Each structure stands twice: as structure tokens, then as C-alpha cells.
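Secondary and tertiary structure notes
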Amino acid sequence: MRYDDSPPPPESASSVSPDRPWFARRPALAVGLAALAPTCLAGWVLTQVLAGPGSGAPQPAGARPAASPAAAADAKPSASPSRPPAAPAAAPAKGPLAGRTVVIDPGHNTGNFQHGREIDRQVDIGTNRKECDTTGTTTNSGYMEAEFSLDVAHRARTLLEAKGAKVVLTHDGERPWGPCIDERARIGNEAAADAVVSVHADGASAGNRGFHVILPARVKGGAADTAKILGPSRDLGERLASNFARTTGSSPANYLGGGTGLVVRDDLGGLNLSTRPKVFIECGNMRDDKDAAQLTSPEWRQKAAQGIADGITGFLGG
Ligand code: ZN
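If you're wondering where the values come from, they're calculated on a predicted model, not measured in any experiment.

Let us look at the pairing of strand β5 (residues 195-202). In summary, the side chains of a regular strand alternate between the two faces of the sheet. For β5, the buried fraction is high: eight of the eight residues fall into the buried class. With burial as the criterion, each face of β5 is covered, one bearing Ala 195, Val 197, Val 199 and Ala 201 and the other bearing Val 196, Ser 198, His 200 and Asp 202. Inspection of the sheet shows β5 paired to strand β10 (residues 278-285) by six bridges, in the parallel sense. Residue pairing in the sheet places Val 196 in a bridge with Lys 278 of β10.

Glancing now at the coordination of the zinc ion. Each protein donor to the zinc ion is listed here as His 108 (NE2), Glu 145 (OE) and His 200 (ND1); together their distances run 2.0 to 2.1 Å. One chain supplies every donor to the zinc ion, and in sequence these donors are spaced H-x36-E-x54-H. Within this pair, whereas His 108 is found in the loop between β1 (101-106) and α7 (116-120), its partner Glu 145 is found in helix α8 (residues 145-162), the two being separated by 37 residues in sequence.

Mapped onto the secondary structure, Thr 101 falls in strand β1. Taking the C-alpha atoms as reference points, Thr 101 and Ala 191, separated by 90 residues in sequence, lie 7.4 Å from one another. When residues no more than four places from it in sequence are discounted, the contact partners of Thr 101 are Lys 166, Val 168, Ala 191, Ala 192, Ala 193, Asp 194 and Ala 195.

Let's shift gears to helix α9 (residues 181-190). Taken together, the buried positions of α9 are Ile 181, Asp 182, Arg 184, Ala 185 and Gly 188. An end-on view of α9 places all buried positions within 160 degrees of arc, on one side of the element. Its buried side turned inward, α9 meets β1, β2 (122-124), β3 (129-131), β5, α11 (269-272) and β10. Looking one or two residues beyond α9, the residue adopting positive phi is Ala 192, at roughly 50 degrees.

Spatially, β4-β1-β5-β10-β6-β9 is the arrangement adopted by the six strands of the open sheet, whose pairing is mixed. The strands lining the two open edges of the sheet, one partner per strand, are β4 (166-169) and β9 (262-265). On average, adjacent strands in this sheet sit at an angle of 25 degrees to one another, irrespective of strand direction. Running at roughly 30 degrees to β10, helix α10 (residues 230-248) makes contact with β5, β6 (212-216), β9 and β10 of the sheet. In the packing of helix α13 (residues 298-315) onto the sheet, contacts are made with β1, β5 and β10, and the angle to β5 comes to roughly 150 degrees.

Further remarks concern the pairing of β10. Extensive coverage of β10 is indicated by the burial of eight of its eight residues. Relative to β10, β6 runs antiparallel, the two being bridged by three bridges. Bridge assignment links His 212 to a residue of β10, and that residue is Glu 282.

Tallied over the entire structure, the rule returns one disulfide. Covalently, Cys 132 is tied to Cys 180 through a disulfide, its sulfur atoms 2.2 Å apart. Classification of the bridge connecting Cys 132 and Cys 180 rests on its S-S torsion, roughly -90 degrees, and on that basis the disulfide is left-handed. On the criterion of sequence distance, the pair formed by Cys 132 in the loop between β3 and α8 and Cys 180 in the loop between β4 and α9 is long-range, its members being 48 residues apart. The exposure class of Cys 132 is buried, given its relative accessible area of 0%. Its relative accessible area of 5% is what places Cys 180 among the buried residues.

What counts, and where the lines are drawn
Residues numbered from 1 in each chain as written. Predicted model: local features only at pLDDT ≥ 70, side-chain atom pairs only at ≥ 80, totals over all residues. Heavy atoms only, no water. Buried < 20%, exposed > 50% of the residue type's maximum accessible area, 1.4 Å probe, protein only. Helix = DSSP H or I, 4+ residues; strand = E, 2+ residues; numbered from the N terminus. Pairing = 2+ DSSP bridges. Donors = N, O, S within 2.8 Å, 3.2 Å for Na, K, Ca; no water. Contact = heavy atoms within 4.5 Å. Arc of directions from axis to C-beta. Axes fitted to C-alpha atoms, helices over the stretch in contact; angles between N-to-C directions. Disulfide = S-S within 2.5 Å.

This is how it looks when you write it as C-alpha cells:
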């Protein structure tokens, strides 16, 4: 809506990209120097070493891990493989979310389509039995929900890590299918996550527009008992909804939730089995062309990730 472009304009793109080559090259330069050292004259090495810090860029670590995550946000979805292994070590957890763990659950998996038998297997969700996972939806032009959810998860991870959070993804496109919904819940539980957000986009009919956040219902049965997460999950969900509306300019869904952008469901294994504060967010309707135009836009997905990260940050008091 009207907040669309007013606050900080697309800050990450041009301002940070110049840092990327520097960060990317630095470990290689260091290794190169180390390898050269034994074979070179000590004086020559000394000269190089002295010249390095003086001529090099200003101190990287002092200003929090801001540079590398923002650069990663710009990169293609496969941001993780391209990260230099040294980067995390160079960026010790500092910032308002230091010491906090966030689990982001990218809904579905692009490989689920090819693994019908595996994902149709029934798993125990405490209150019921349900399919391991589903394929998710696509836009009319074939952009998959699973691609969308993983891309937004990468972007949100980058933003949250920049605030010092430890971020765990339930999968990172590395597996052929799944994980199953019970495993997705278990990953959040075993990580003792302070907040868990499952990222999705809906597949409703055209004309249905907007986002909604799904909160756990009170359920008890088998391994499912949501009593303790109801309150904090609602808090998380409300913060997510308001921040998502602000950063994306999107409206709450016009087809459910009564215009609140909040829906309570008791049939989702990922919520029923969670022992940690957890919500789902359906970022828009892939089957509506206007929503799809947003969902397929990398710029819009960055805004979506920002809203999710801001909502989580507010919930965690960061
Ligand atoms: Zn979904």
C-alpha cells in the first residue's frame, strides 16, 4: 500500500555489492600469503604484510556482520554454497539477536513432484495421520512455491544472521524431497528454537489475494500438545503480520481470516508437533496473477523476507 517505497529504499543492492569481492578475495589472499611465506625472503614478506592492513579496506568485523549477509541477499538462491567458509568465523555472533536461535522452514521441496510415493507416506502428527509432505503449488507460469519459500528463507536468514541470530533451515535444497512435516517440527524442537516460521505461498483461486499467518490451535493428542506455545505463537504471528504488511505493502488475505491476516488451524502437523513458538506465513496467492507478479519478483521477495525478519526480531525483543 502506501508504505511501499517510503521507508529506507532498496538499500542493499548497490551500497553493499562493492564489498563482496573484497570479502570473497580476502581468505584467498591470506592463504596465498601463508603459502608464500616459507619460500620467500622474510623481508619481502614483512613488507607485504605491513602493506596489507594499511592499504586494505577498513576493519570488517567491527561493524557487525552486515556486509556479507547483505551481499548474500543479492546473490542467487544458492547463497549458501557460495559463502566462503571463513565468513562465519569472521563474524562472531553480535547484535540484538546474539544467542537466539531461529528456525526457518521453507515449505515443500522442488523435488517433491518426483517423489510422490515418499511424500504420500502417512506420518503421525499426534492428533491424526497425514501425508509426509505435499508438492506445494505453483504460479500459472510454473514458478514453484518450493522455489519461492527457499528463496525467501535464504533472504530472511541473511537478515537475521546480520542481527546475530543463529538461523537453522529445515532444508536447504540439498535433499531430493521433504523433509516430512513431523521432521520439520522436530528440527525446530531439537534446535530449541526461540521462534520458528514456516514460509509458504497459497494456491487459492484467482481473485483471492493477500497474505495470512497461520497460528497453532489448542490441540492435544499423542505427541501433539500446543498449550504452551499458543500465547507466544500468537504474539509471533501478530508481529509477523504487521511487519509483513508494512514492508511489502500487501494487504491481509481477502478470502479468509476476516481481514485480520491471522488464521488458526488444528490440522497442520508442523504446528501440532511443535514445542517451540511457531507460525506459518502464506505470503500471497500464487494462483492470482497480481499476487503472482509480486511473488515472482526478487525485489518483492526481499521485502517479504524483511517483514518476516522484522516480525521475528520484534518477537525476540531485538
Ligand atoms: Zn505450502
